[in-house]
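# Remarks on the overall topology
Residue strings, one per chain:
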Amino acid sequence: MAIEGKSGGHAGRIRLGMVGGGRDAFIGAVHRIAARLDDHYELVAGCFSSTPEKSKASGADLGVADDRVYASFAGMAKREARLKEGIEAVAIVTPNHMHAPVAREFLKRGIHVICDKPLTATLSEAKRLAAAAERSDALFVLTHNYTGYPMVRQAREMLASGALGDIRLVQVEYAQDWLTEALEETGQKQAGWRTDPERSGAGGSTGDIGTHAFNLASFVSGLTLESLAADLQSFVPGRRVDDNAHVMLRFQGGARGMLWCSQVAPGNENALRLRVYGTEGGLDWAQEDPNYLWFTPLGEPKRLITRNGAGAGEAAARMSRVPPGHPEGYLEGFANIYAEAAAAIRAQKAGASADPAVTFPTLKDGLAGVAFVDACVRSSAKNGAWTQLRL
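Predicted model, so just to flag it, every value in this text is computed and none were measured.

What counts as what
Residues numbered from 1 in each chain as written. Predicted model: local features only at pLDDT ≥ 70, side-chain atom pairs only at ≥ 80, totals over all residues. Heavy atoms only, no water. Helix = DSSP H or I, 4+ residues; strand = E, 2+ residues; numbered from the N terminus. Rg over C-alpha atoms; globule rule 2.2 N^0.38 Å. Buried < 20%, exposed > 50% of the residue type's maximum accessible area, 1.4 Å probe, protein only. Contact = heavy atoms within 4.5 Å. Lys, Arg positive; Asp, Glu negative; His and termini not counted. Charge placed at Lys NZ, Arg CZ, Asp CG, Glu CD. Salt bridge = Lys/Arg side-chain N within 4 Å of Asp/Glu carboxyl O. Phe/Tyr/Trp six-rings, centres within 6.5 Å; stacked < 30°, edge-to-face > 60°. Lys NZ or Arg CZ within 6 Å of the ring centre and 35° of its normal. Disulfide = S-S within 2.5 Å. Expected span 1.5 Å × (residues − 1). Pairing = 2+ DSSP bridges. Axes fitted to C-alpha atoms, helices over the stretch in contact; angles between N-to-C directions. Core = buried A, V, L, I, M, F, W, Y, C linked by side-chain atoms within 4.5 Å.

## Focus on the overall build of the protein chain
On a plain count of helices and strands, the protein chain comes out with 13 helices and 14 strands. Taking 2.2 N^0.38 as the reference for a compact globule, 391 residues should give roughly 21 Å; the C-alpha atoms of the protein chain span a radius of gyration of 21 Å, in line with that estimate. With the C-alpha coordinates of the protein chain rotated into their principal frame, the extents come out at 65 × 50 × 40 Å. For the protein chain, buried positions account for 54% of its 391 residues. Counting only contacts in the protein chain whose residues sit at least 6 apart along the sequence, the fraction spanning at least 24 positions is 69%. Both charge centroids of the protein chain, one from 43 positive and one from 44 negative side chains, sit 5 Å from each other.

Given below as structure tokens:
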């Protein structure tokens, strides 16, 4: 997936459906861009809204044939599974509480699932979905898009190679400011469902961006979280979910960490940052400056590793499309997950194994993320008591 092989047509595009992502939806458009960026997929069907009229209108906007636009996701799953040229994969871009019921309908019919994060709204739902996935031959891909950034792959490769020695400390944070005021009371759609525990789950900032931070720390470090101590706040009066969290982390093997996520930190847009320190050095990466990774070997000057520059390895090159010095990040990160999913889908269709380098977050990662949120809520309710994950 280096620059030369990223773009260009592909014979036999994967037939893609979508649930959610209709008019006025943000993340659906992101997924559609990502799916088409490398020309691996063609959107041919969808249930774009829970309102049939809006679903039809959204399908027309997107050029989807009228008879492939559905009023319900269950009806879509049943009919598409019967069609000779029915969808091979479905993108789920609904609010959190709908991920599980939608995914189950398609998994049981052997249709591959590409699902937005977090996996589900509750841990019990996540476990039931995991059981359903075990019974299906279909792939389950979770779009933690930051795992698709070139320098995140570079950092992961360096840690796996032992460049930092034994890992001691993992510091990760994700700060935003867009919910500093009660935006949900203005009728803003994105704020409305993200602050509604019936749709988002018990976690607010922990579920929305804390899961990204947790996933990034786990993906890069390779460590498994053992227990945590969380202090969750709802600073905006009347808000029913957390909008800020400080979490201490204990990993298997003895490493320690801290996670901060906040949506009430003025001056921050999408300030995701990861720092990892070991016995032989440290790494520092920031999402808002994604093409740079700082590496400091113990006792030596700090070194800058750039996306296509000296020091970057094959793991970063596989995720890169554009020449050195040009920004590459959010949309491309999503597209990298879709491209990796396409490679795995095509390999399975051919009865072969995907290239070992193909990597994407799976249902296991999603289950860990929901368990993280569940543990944070339980810990905070006990005044920050150390709490184990219920995996």
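## Quick notes on the pattern of salt bridges
This structure, assessed with the given rule, holds 25 salt bridges. As a salt-bridge pair, Asp243 and Arg239 come within 3.0 Å of each other at their nearest N and O atoms. The class for Asp243 is buried, based on a relative accessible area of 0%. Given the relative accessible area of 7%, Arg239 is considered buried. Through salt bridges with shared partners, a single network forms among Arg15, Glu85, Glu88 and Lys349.

## Things to note about the packing of aromatic side chains
Per the counting criterion, the structure on display carries six aromatic pairs. Their ring planes at 50 degrees and their centres at 5.5 Å tell us that Tyr146 and Tyr149 sit as a pair that is tilted. Of the two residues, Tyr146 and Tyr149, neither departs from the other in class, the shared state being buried. Ring centres 5.3 Å apart and planes at 75 degrees place the aromatic pair Tyr330 and Phe334 in the edge-to-face group. Placement of the pair is Tyr330 and Phe334 together in helix α12 (residues 330–349), with a separation of four residues, close to one helical turn. Classification of Tyr330 as partly exposed rests on a relative accessible area of 28%. Aromatic ring contacts, followed pair by pair, group Tyr146, Tyr149, Tyr174 and Trp285 into a single cluster. Arg250 extends its terminal NZ or CZ atom over the ring of Trp386, reaching a point 3.7 Å from the ring centre. It is Lys302 that lies over the ring of Trp294; its NZ or CZ is 5.4 Å from the centre.

## Notes on the state of the cysteines
A full pass over the atoms with the stated rule returns zero disulfides. Of the cysteine sulfurs around Cys115, a residue in no disulfide, the closest is that of Cys47, at 15 Å. By relative accessible area, Cys115 is classed as buried at 0%. Note on Cys261: no disulfide assigned, nearest cysteine sulfur contributed by Cys376 at a separation of 7.2 Å.

## Some thoughts on helix α6 (residues 123–134)
Helix length check: α6, at twelve residues, gives a terminal C-alpha distance of 17 Å against a target of 16 Å (1.5 Å per residue), a fit within 8%. All buried positions along α6 are accounted for by Leu123, Glu125, Ala126, Leu129, Ala130, Ala132 and Ala133. Residues of α6 that are buried in the fold lie against α5 (99–107), β5 (140–142) and α13 (363–381).

## Some words on the sheet that holds strand β4 (residues 112–115)
Read across the open sheet, the five strands follow the order β2-β1-β3-β4-β5; overall the sheet is parallel. Every interior strand has two partners, whereas the edge strands, β2 (41–47) and β5, have only one. For this sheet the average axis-to-axis angle between neighbouring strands, irrespective of direction, equals 25 degrees. As paired strands, strand β1 (residues 14–20) and strand β3 (residues 89–93) are joined by five bridges and run parallel to one another. Residue pairing for β3: Gly17 is matched across the bridge by Val90.

## Notes on the sheet that holds strand β12 (residues 292–297)
Spatially, nine strands are ordered β13-β12-β11-β10-β6-β9-β8-β7-β14 in an open sheet, and the strand pairing comes out mixed. The sheet is open, and its two borders are formed by β13 (303–306) and β14 (387–388), each paired with just one other strand. As defined by bridge partners, β12 adjoins β13 across four bridges and the pair is classed as antiparallel. Paired with Leu293 across the two strands is Ile305, which belongs to β13. Strands in contact with helix α7 (residues 150–160) are β6 (167–175), β10 (271–278), β11 (281–286), β12 and β13; relative to β12, the strand with the most contacts, it is inclined by about 25 degrees.

## Considering the nonpolar core
Here is a general trend for soluble globular proteins: nonpolar side chains tend to be buried in one another's company. Within the largest apolar cluster, 76 residues are counted, with the highest numbers of intra-cluster contacts made by Phe106, Phe140, Leu228 and Phe372. Filtering out sequence-adjacent residues up to four positions away, Phe372 remains in contact with Thr206, Gly210, Thr211, Phe214, Leu225, Leu228, Val247, Leu249, Leu259 and Leu389. One finds Ala34, Ala35, Ile114 and Tyr338 within the second-largest nonpolar core, a separate group that totals 27 residues.

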